[in-house]
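Below, each chain spelled out in residue letters.
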Amino acid sequence: FFFKQKTAYEIIAGDWSSDVCSSDLGSIFNGIPNNKVTVFGGDPATGKTFFVLGIIKQWLTDNKEGYVFYCDTESAVTNKMLEDRGIDLTRVIKSEPETIEQFRQTILQLLDKYMEVPIKQREPLLIVLDSLGNLSSVKEVEDIRAEKDTRDMTKAGLIRGTFRVLRLRPNDFLSCRKPFAGS
């Protein structure tokens, strides 16, 4: 399901979204591998969401039976935005988690259900989190509600733990060979 490779010029010129992935590791020009977490980082308003939407479009084009589970923590991506980019809404499941813990639980439940499907019947699945930096922790939300002016020192550990659990699922999870992209 890997996309053909583009040159840096073609990506900069605006044609990057059609061909981001290939099987090689090492750079964005070589693609997004299965069973790995790929993060796109950058300053606010630099196009990370737009970039990921291009990846989603091409991934769905290349995976005719595939689906995308899109976690939008900013409530920024509308159905119209997806449609305007040619993304088939019937193949995108959207979720709007508010906390790291809610995201973790949602993804673990999704993957548990996915793993119940016999391996030969599993449709390709791309999981996208946009944006990791916008997720709060339950503690942070509780502190804000209690009008506490404190910093949540547990947030980084929660994020590390979430992705460690997602990476270290039982071996049958590894057999699902699904990519994960976040911004």
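Structure's up top.
All values derive from a computational prediction rather than experimental measurement.

A full pass over the atoms with the stated rule returns one aromatic pair. Residues Phe103 and Phe163 carry aromatic rings whose centres are separated by 6.1 Å and whose planes lie at 40 degrees to one another, so their mutual orientation is tilted. Highlighted residues: Phe103 in helix H4 (residues 100-116) and Phe163 in helix H6 (residues 155-167), separated in sequence by 60 residues. Here Phe103 and Phe163 have matching classes, each one buried.

With that out of the way, let us pick up the side chain of Arg91. Within the secondary structure, Arg91 sits in the loop between helix H3 (79-84) and strand E3 (92-95). No salt bridge is formed by the buried Arg91; its nearest oppositely charged neighbour, Asp88, is found at 4.5 Å. Within the local environment of Arg91, its side chain forms a polar contact with the backbone oxygen of Gly66, the two atoms lying 2.9 Å apart. When sequence neighbours within four positions are dropped, the list of residues in contact with Arg91 reads Leu60, Asn63, Lys64, Glu65, Gly66, Tyr67 and Val68.

With that out of the way, let us pick up the pairing of strand E2 (residues 67-72). Among the six residues that make up E2, five are buried, leaving the element largely enclosed by the rest of the structure. Pairing of E2 with strand E4 (residues 125-130) involves six bridges; the strand directions are parallel. Residue pairing for E4: Tyr67 is matched across the bridge by Leu125. Inspection of the sheet shows E2 paired to E3 by four bridges, in the parallel sense. Looking across to E3, one finds that Val68 is bridged to Val92.

In this section: unusual backbone geometry. Glycine aside, residues mostly have negative phi, and peptide bonds are mostly found in the trans state. Note the cis peptide between Asp130 and Ser131, where omega equals 20 degrees. Residue position: Ser131 is located in the loop between E4 and helix H5 (138-145). Its identity is not glycine, yet Ala45 carries a phi of approximately 60 degrees, on the positive side. By secondary structure assignment, the location of Ala45 is in the loop between strand E1 (37-39) and helix H2 (48-62). At Glu147, a residue that is not glycine, the phi angle is positive and equals roughly 60 degrees. Residue class for Glu147 comes out exposed when judged on its relative accessible area of 74%.

Summed over the entire model, instances satisfying the criterion amount to three salt bridges. Linking Lys80 and Asp84 is a salt bridge whose minimum nitrogen-to-oxygen distance equals 3.1 Å. On the criterion of helical spacing, the pair formed by Lys80 and Asp84 is a turn pair, its members being four residues apart in helix H3. When sorted by exposure, Lys80 lands in the same class as Asp84, which is exposed. The closest approach of N and O atoms between Glu140 and Lys155, which form a salt bridge, is 3.8 Å. Here Glu140 is found in helix H5, whereas its partner Lys155 is found in helix H6, with 15 residues between them in sequence.

What counts as what
Residues take numbers from 1 onward in each chain, read along the sequence in its written order. It should be noted that, the model being predicted, local features are given only for residues of pLDDT at least 70 and side-chain atom pairs only at 80 or more, the latter also being counted only at that level, while totals for whole chains, interfaces and linings use all residues. Hydrogens and water molecules were not included; the side-chain quantities draw on all heavy atoms of the structure. Aromatic pairs are defined between Phe, Tyr and Trp rings, using the six-membered ring for Trp, whenever the two ring centres lie within 6.5 Å; interplanar angles under 30 degrees are classed as stacked, those over 60 as edge-to-face, and all others as tilted. Helix and strand assignments follow DSSP, with helices taken as H or I runs no shorter than four residues and strands as E runs no shorter than two, numbered in order from the N terminus. Each residue is assigned to one of three classes by its accessible area relative to the maximum for its type, calculated with a 1.4 Å probe on protein chains only: buried under 20%, partly exposed between the two thresholds, exposed over 50%. A residue counts as positive if it is Lys or Arg and as negative if it is Asp or Glu; His and the chain ends are not included. What counts as a salt bridge is simple: a side-chain nitrogen of Lys or Arg found within 4 Å of a carboxyl oxygen of Asp or Glu. Think of a polar contact as two N or O atoms within 3.5 Å of one another; within protein, one of them needs to be a possible hydrogen donor and the other a possible acceptor, and neighboring residues in sequence only count if both atoms come from side chains. In what follows, residue pairs with any heavy atoms lying within 4.5 Å of each other are defined as contacts. We call two strands paired when DSSP finds no fewer than two bridges between them.

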